[in-house]
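Breakdown of the fold
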Protein chains: 4
Amino acid sequence: MTKLAVIYYSMTGTNLKLANWAKEAGEEAGAEVKVLKVPETAPSSVIEGNPAWKAHVEEAKDIPEVTLEDLEWADGIIFSVPTRYGNVPGQLKQFIDTTGGLWAKGKLANKAVSAMSSAQNPHGGQEQTILQLYTTMYHWGAIIAAPGYTDPVLFEAGGNPYGTSVTVGENGMKENVEAAVKHQAKRTVAVAKALSHL
Amino acid sequence: MTKLAVIYYSMTGTNLKLANWAKEAGEEAGAEVKVLKVPETAPSSVIEGNPAWKAHVEEAKDIPEVTLEDLEWADGIIFSVPTRYGNVPGQLKQFIDTTGGLWAKGKLANKAVSAMSSAQNPHGGQEQTILQLYTTMYHWGAIIAAPGYTDPVLFEAGGNPYGTSVTVGENGMKENVEAAVKHQAKRTVAVAKALSHL
Amino acid sequence: MTKLAVIYYSMTGTNLKLANWAKEAGEEAGAEVKVLKVPETAPSSVIEGNPAWKAHVEEAKDIPEVTLEDLEWADGIIFSVPTRYGNVPGQLKQFIDTTGGLWAKGKLANKAVSAMSSAQNPHGGQEQTILQLYTTMYHWGAIIAAPGYTDPVLFEAGGNPYGTSVTVGENGMKENVEAAVKHQAKRTVAVAKALSHL
Amino acid sequence: MTKLAVIYYSMTGTNLKLANWAKEAGEEAGAEVKVLKVPETAPSSVIEGNPAWKAHVEEAKDIPEVTLEDLEWADGIIFSVPTRYGNVPGQLKQFIDTTGGLWAKGKLANKAVSAMSSAQNPHGGQEQTILQLYTTMYHWGAIIAAPGYTDPVLFEAGGNPYGTSVTVGENGMKENVEAAVKHQAKRTVAVAKALSHL
């Protein structure tokens, strides 16, 4: 059974929603799926002072934090993170930087990987954030399975060929990306499954 | 039988050498391999005025030019090009820009792709040239199979995880990259073969 | 007097519109401005077969083609191009690849540069196309003056901090970017002017 | 007097050496220079278990940690960091992610910025790490003053046009980059000074 890790970071819940859609589609595609959150590194005092952030931390309290064992377990990985100045959040980078031991043993190679992102502006770094994560993934020896334009649902979702991305305004997500997320998740699972023949 | 297109552009022969090593390893890995050159767009007068360039044009005169049919034919593609200001040569970009018809029919999706590059300076855009090609490949729906650090030979060759790269001085290639090229070619073939299960 | 070259490529006119707005604002900012088109490299037969493309070629027939002398002349440069698979069009890359002689003499260094882009999908490579051009500009020794979020008009235009970008649908531009283009042009002129103190 | 912040992160001292060379040259160029370290986020237990890392923490104990006030103070910034999987270290990203308040007030715009990097492999992400930092800098509204090929000393140092980079082996730095670092620092100061005319 193909194993998919959906690893997300979120302050206010958008990327958890994307992650849950990915999970649903991954399971439909026959994979065993874990939704895993990136460990928070911000001080509690900062989170306490931001009601939306605090509410999301509460909402996500039962979701397990991603561990090195999860990375080793997975055949495929989907990352879902907001942009922070056109790059991944520090929280995710901190976690990635702890994987040197696994990397040195070759345990991170040959996984099928894709990524999703969100930003407040329509062109606020959605493309860059995904691509910068892919750069890191090449160091791991991952096989990148970006969606490209492999399904018409991608056009409705904004047509980001690097990975599904969404713009978040005061009233939530501005694009309807659910179908694109699900297509991406199924594609990542299919590639992960094909790579079991490597 | 897995079909591999090794598409190169070269002024003075470096990338043809890389391409030929890739062909050798691709065939060893059981693939049918075509080495194909990107059509030249520079005026003959410019080429005539540059003896090294002219000599290479003569050397490569029997190598077929890449066509749209070759792209459709291939299960895997390895690109090999020199950097031009941190990006692919105009010649390759011109060819890529003629693929809209194939792209619209979905004929470019799901191929296993990797790339190689050369430059005159050790840090003259080797990384960037490969990564900018991968950005384009995401638009095609390609599956990127960069080498990462999946074999120790990569360290000897300069340790470029995005694809094999070489520095070219007055006396030819400064790094010994043959083994890295061959590893990359075998890996691309293996991923292309695995993707036949998609 | 600060000299600004606005260099564009366009098939159907969008990037000429952006270029003309940039010219208007550049002149308001006190610069001498030239709008210059990138030489077309597509065969006439292809253009003839595409009525919208043919109409634009006719529309732009009196606009001078950019030359190497224009690059040497300029204190600042704004590029405006559509994306082609997340990278600049082959036409622009071909032109850029002819600048080796100027580059070797140091004639391309220290110009203030920014870029604009267009695509058919909202996330169709707008960010990448601009950033890939900046990578090339680093090789020239350019000083990059991207807009960032230095004016509230940028948010209305889609909030692309790398450069103004626009999505083009069947009925033309989907975002109102005129004010953002003008802000970017004025900023590029201001930086070019400041750099005269280098 | 032009104010230059040289902000570095280092585990074993390489990037502190680069930072100190930048300081020396920045002062020669007439700037007031602060060398500032990025706050460490790794647990003490990890550092204690790595003698080389521990020794460097001791060596750097009197160097002040960078603060938000330093960013506001600076007219120019040079970053110097090792690559971590082709991207900046989590420590730097964490610090950058705390600048939202300054950013929202426009206090980060119009600074002259360049960057330097190190890696263990000759092509281990040196280019990417610098370019990913520049992507973030565009969000700040920085003016990027990469060295390009504006001085012959750059060729001796590996010819990285995006910023000085160095390869670190068991016996220290493999390239002689001191002159390139100093050229880059003087250039960044000169651009920062010119930008005071903005």
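Residues numbered from 1 in each chain as written. Chains lettered and ligands numbered in written order. Predicted model: local features only at pLDDT ≥ 70, side-chain atom pairs only at ≥ 80, totals over all residues. Heavy atoms only, no water.

As annotated in an unreviewed UniProt entry, chain A carries the name NAD(P)H dehydrogenase (Quinone) and is attributed to Domibacillus enclensis. According to its UniProt record, chain A has this under Sequence similarities (unreviewed entry): "Belongs to the WrbA family." (UniProt positions renumbered as here; feature names shortened; annotations may be inferred.)

**Looking at the overall build of chain A**
Within chain A, the regular secondary structure consists of 9 helices and 7 strands. What you see for chain A is a C-alpha radius of gyration of 16 Å, in line with the 16 Å of a compact globule of 198 residues. Evaluated residue by residue, chain A yields a buried proportion of 62% over its 198 residues. Relative to all contacts within chain A whose residues are 6 or more apart in sequence, the contacts with residues 24 or more apart total 78%. With the model as given, the accessible surface of chain A reaches about 7,000 Å², and the carbon-plus-sulfur share is 50%. Charge-centre separation for chain A: the mean point of 17 positive side chains lies 4 Å from the mean point of 21 negative side chains. (Helix = DSSP H or I, 4+ residues; strand = E, 2+ residues; numbered from the N terminus. Rg over C-alpha atoms; globule rule 2.2 N^0.38 Å. Buried < 20%, exposed > 50% of the residue type's maximum accessible area, 1.4 Å probe, protein only. Contact = heavy atoms within 4.5 Å. Areas by Shrake-Rupley, 256 points an atom, 1.4 Å probe, with all protein chains shown as cover. Lys, Arg positive; Asp, Glu negative; His and termini not counted. Charge placed at Lys NZ, Arg CZ, Asp CG, Glu CD.)

**As for the interface of chain A and chain B**
Taken together, the 27 residues of chain A in the interface contact 27 residues of chain B. Each partner contributes to the roughly 2,100 Å² buried at the junction of chain A and chain B, and carbon and sulfur atoms together form 69% of this total. Inspection of the region where chain A meets chain B yields 0 salt bridges. Where chain A touches chain B, the interface holds 9 residue pairs in polar contact (both at pLDDT 80 or more). Counting only elements with at least two residues in the side of chain A that touches chain B, the list comes to α7 (126-140), β5 (143-144) and α9 (178-195) of chain A. (Buried area = accessible area lost by both parts, 1.4 Å probe. Salt bridge = Lys/Arg side-chain N within 4 Å of Asp/Glu carboxyl O. Polar contact = N/O pair within 3.5 Å; in protein donor to acceptor, adjacent residues only side chain to side chain.)

**Here we look at the interface of chain B and chain D**
Each partner contributes residues to the interface: chain B has 20 residues there, and chain D has 20 residues. Taken as a group, N121, H123 and E127 of chain B account for 47% of the area that chain B buries against chain D, more than any other trio of residues on that side. On the surface where chain B and chain D come into contact, there are 0 salt bridges. Our count for the contact surface shared by chain B and chain D stands at 11 residue pairs in polar contact (both at pLDDT 80 or more). Listed by contribution, the elements that provide at least two residues to the side of chain B that touches chain D are α7 (126-140) and β6 (165-169) of chain B. Here the side of chain B that touches chain D is composed, by residue class, of 6 nonpolar, 12 polar and 2 charged. (Nonpolar A, V, L, I, M, F, W, Y, C, P; charged D, E, K, R; others polar.)

**A word on the nonpolar core**
Side chains that are nonpolar tend, in soluble globular proteins, to be buried together. Counting 70 residues, the largest nonpolar core has F79 and Y138 of chain C together with F79 of chain D as the members making the most contacts within it. Residues within four places of F79 of chain C in sequence aside, it is in contact with I7, L92, V113, S114, A115, M116, L133, M137 and W140 of chain C. V81 and L133 of chain A together with L71 and I130 of chain B belong to the second largest nonpolar core, which has 68 residues in total. (Core = buried A, V, L, I, M, F, W, Y, C linked by side-chain atoms within 4.5 Å.)

**Regarding α9 of chain A**
For α9 of chain A, which comprises 18 residues, the first-to-last C-alpha distance of 26 Å matches the rise-based estimate of 26 Å (1.5 Å per residue) to within 8%. Burial analysis of α9 of chain A places 13 of its 18 residues in the buried class, the great majority of the element. (Expected span 1.5 Å × (residues − 1).)

**Points about the relation of the copies chain A and chain B**
Overlaying chain A on chain B yields an RMSD of 0.0 Å, the required transformation being a rotation through 180° with an accompanying axial translation of 0.0 Å. Between the two chains, the operation in question is that of a two-fold axis. Of the interface residues in chain A, 100% have counterparts in chain B that sit at the interface too, so the contact is made through matching surfaces. (Least-squares fit on C-alpha atoms with pLDDT ≥ 70 in both.)

**Re the packing of aromatic side chains**
Inspection of every chain in the model, using the stated rule, returns 24 aromatic pairs over all chains. Taking the centre distance of 5.4 Å and the plane angle of 80° together, the rings of W103 of chain A and Y149 of chain B count as edge-to-face. One end of the pair, W103 of chain A, is in helix α6 (residues 100-104); the other, Y149 of chain B, is in the loop between β5 (143-144) and α8 (153-156), on a second chain. Between Y149 of chain C and F155 of chain C the ring centres are 5.3 Å apart and the planes differ by 15°, which places this aromatic pair in the stacked class. A residue is classified by how much of its surface remains accessible, and Y149 of chain C, at 15% relative accessible area, is buried. Among the residues examined, F155 of chain C registers a relative accessible area of 39% and is labelled partly exposed. Aromatic rings pair up to connect Y85 of chain A, Y149 and F155 of chain C together with W103 and W140 of chain D into one cluster. In this structure, K34 of chain A is placed above the aromatic ring of W73 of chain A, and the distance from its NZ or CZ to the ring centre is 4.2 Å. (Phe/Tyr/Trp six-rings, centres within 6.5 Å; stacked < 30°, edge-to-face > 60°. Lys NZ or Arg CZ within 6 Å of the ring centre and 35° of its normal.)

**Let's talk about the environment of D62 of chain C**
Locating D62 of chain C in the fold gives a position in the loop between α3 (51-59) and α4 (68-73). Sequence-wise, D62 of chain C and K37 of chain C are 25 residues apart; in three dimensions their C-alpha atoms are separated by 9.9 Å.

**Re the packing of α9 of chain A against helix α9 (residues 178-195) of chain B**
Where α9 of chain A meets α9 of chain B, the closest approach of the two axes is 8 Å, and the angle between their N-to-C directions is 115°. On the basis of the axis angle, α9 of chain A is roughly perpendicular to α9 of chain B. Where α9 of chain A crosses over α9 of chain B, the handedness of that crossing is right-handed. Residue-level contacts link V191, A194 and L195 of chain A of α9 of chain A to V191, A194 and L195 of chain B of α9 of chain B. (Axes fitted to C-alpha atoms, helices over the stretch in contact; angles between N-to-C directions. Parallel < 35°, antiparallel > 145°, perpendicular 65-115°, else oblique. Left-handed = near helix turned anticlockwise from the far one by under 90°.)

**Focus on the side chain of T135 of chain C**
Position of T135 of chain C among the secondary structure elements: in helix α7 (residues 126-140). Among the residues examined, T135 of chain C registers a relative accessible area of 4% and is labelled buried. Aside from chain neighbours lying at most four places away, what touches T135 of chain C is Y85, G86, Q128 and Q132 of chain B together with L131 and Y162 of chain D.

**Comments concerning the relation of the copies chain B and chain D**
The transform that puts chain B on chain D rotates by 180° and translates by 0.0 Å along the axis, for an RMSD of 0.0 Å. Of the residues that chain B buries at the interface, 100% are likewise interface residues in chain D, meaning the two copies contact each other through the same surface.

**Considerations on the environment of V88 of chain D**
As for its position among the elements, V88 of chain D is in the loop between β3 (76-82) and α5 (90-96). Sequence separation of V88 of chain D and G125 of chain D is 37 residues, and the distance between their C-alpha atoms is 9.7 Å.

**Considerations on the pairing of strand β1 (residues 3-8) of chain A**
Residue and element names in this part refer to chain A. With 5 of its 6 residues buried, β1 lies for the most part within the structure. Two elements, β1 and strand β2 (residues 32-37), share 6 bridges in a ladder whose sense is parallel. Residue pairing for β2: A5 is matched across the bridge by K34. Each parallel crossover has a hand, and the one from β1 via helix α1 (residues 14-28) to β2 is right-handed. Strand direction decides the pairing type here: β1 and strand β3 (residues 76-82), joined by 5 bridges, are parallel. What sits directly across from Y8, in β3, is S80. (Pairing = 2+ DSSP bridges. Right-handed = clockwise from strand over helix to strand, strands pointing away.)

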